[in-house]
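Examination of the molecular architecture
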Amino acid sequence: MIDPTLIQHFQDEGYTLVRGLFSDEEVDFYRRHFMALRQKGKFQDDFAGVKSSDEEINRADPLQKYPRMIHMHRWDEVTLRWMLDERLRQHLNAFLGRDPYAVQTMLYFKPPGARGQALHQDQYYLRAHPGTCVAAWLALDPCDERNGCLEIVPDTAALPIMCTTQADTTQSFTDVAVQLPEGMTPIPMIMAPGDVLFFNGTLIHGSFPNTTSDRFRRSLIGHYVSGEAE
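Quick caveat, the model's predicted, so the values are computed rather than measured.

So, how was this worked out
- Residues numbered from 1 in each chain as written.
- Predicted model: local features only at pLDDT ≥ 70, side-chain atom pairs only at ≥ 80, totals over all residues.
- Heavy atoms only, no water.
- Pairing = 2+ DSSP bridges.
- Helix = DSSP H or I, 4+ residues; strand = E, 2+ residues; numbered from the N terminus.
- Contact = heavy atoms within 4.5 Å.
- Salt bridge = Lys/Arg side-chain N within 4 Å of Asp/Glu carboxyl O.
- Buried < 20%, exposed > 50% of the residue type's maximum accessible area, 1.4 Å probe, protein only.

It is worth spelling out the pairing of strand β3 (residues 101-108) at this point. Where strand β2 (residues 69-70) lies against β3, two bridges are found, and the strand directions are antiparallel. For Ile70, the partnering residue across the bridge sits in β3 and is Met106. As paired elements, β3 and strand β12 (residues 219-225) share seven bridges and run antiparallel to each other. Across the sheet, residue Tyr108 finds its bridge partner in β12, namely Ser219.

Written as structure tokens, this is what we have:
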């Protein structure tokens, strides 16, 4: 039974945080699994980010060693099973009113010193229609402001796809950013390993750099599109 307050919060705000959806043992398994995959070498669609405007950052870029993985479910059975996990399905069904379509997976390693990702909307990339895409964002490490936790902008879940501008590539590994409407500001989502943040595709979100010297901020993400999408 899904907590009705979580459903109401998602419907009102476009996001909701579910604490401890995955156990410490499961999270430890995923951390070890994806670190082992990363150490095996490169995979199709790995993305280390765009070059920074600062050459010193490029020379020391830790994302060259730990690039983001994408679409792992196409070739990794562990990822596919996680993406279709019954707990995720039940929550997504409760939030959306029907089962969604599973379309994309990503693994962010975000090692110490890594740049963040400028504010953006997932719907800008996935373009589900009608309806929207929705993310299930699983924390694999403690996530706080020092290691670049996810930041969301309240009251943006009902916005259309916003116009984009050039991002500051000394702070972001992507070069596309959304300019916030006046009076809006991002807030940090402090998460423990095993917590899952669900949010819809128009919610503006992003993250700042990992300023620690010894802490990763790994996260496993599934993207889905609402069941009425064509």
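There's plenty left to go through after this.
A few words now on the sheet that holds strand β4 (residues 117-120). As summarised here, the arrangement of the four strands in space is β4-β11-β6-β9, forming an open sheet in which the pairing is antiparallel. Two strands bound the open sheet, and with one partner strand each, they are β4 and β9 (187-188).

Positionally, Tyr66 belongs in the loop between α3 (55-59) and β2. Along the primary structure Tyr66 and Asp46 are separated by 20 residues, whereas in three dimensions their C-alpha atoms are 9.2 Å apart. With near-sequence residues (within four places) excluded, Tyr66 lies in contact with Met35, Arg38, Phe109, Pro111 and Phe216.

Counted by the stated rule, this structure contains twelve salt bridges. One salt bridge in this structure joins Arg87 and Asp85, with 2.9 Å as the shortest N-O distance. Judged by its relative accessible area of 25%, Arg87 is partly exposed. Between Asp99 and Arg89 there is a salt bridge, with the nearest N and O atoms lying 2.8 Å from each other. Note that Asp99 is positioned in the loop between α5 (86-96) and β3 and Arg89 in helix α5, a separation of ten residues in sequence. Owing to a relative accessible area of 38%, Asp99 belongs among the partly exposed residues under this scheme.

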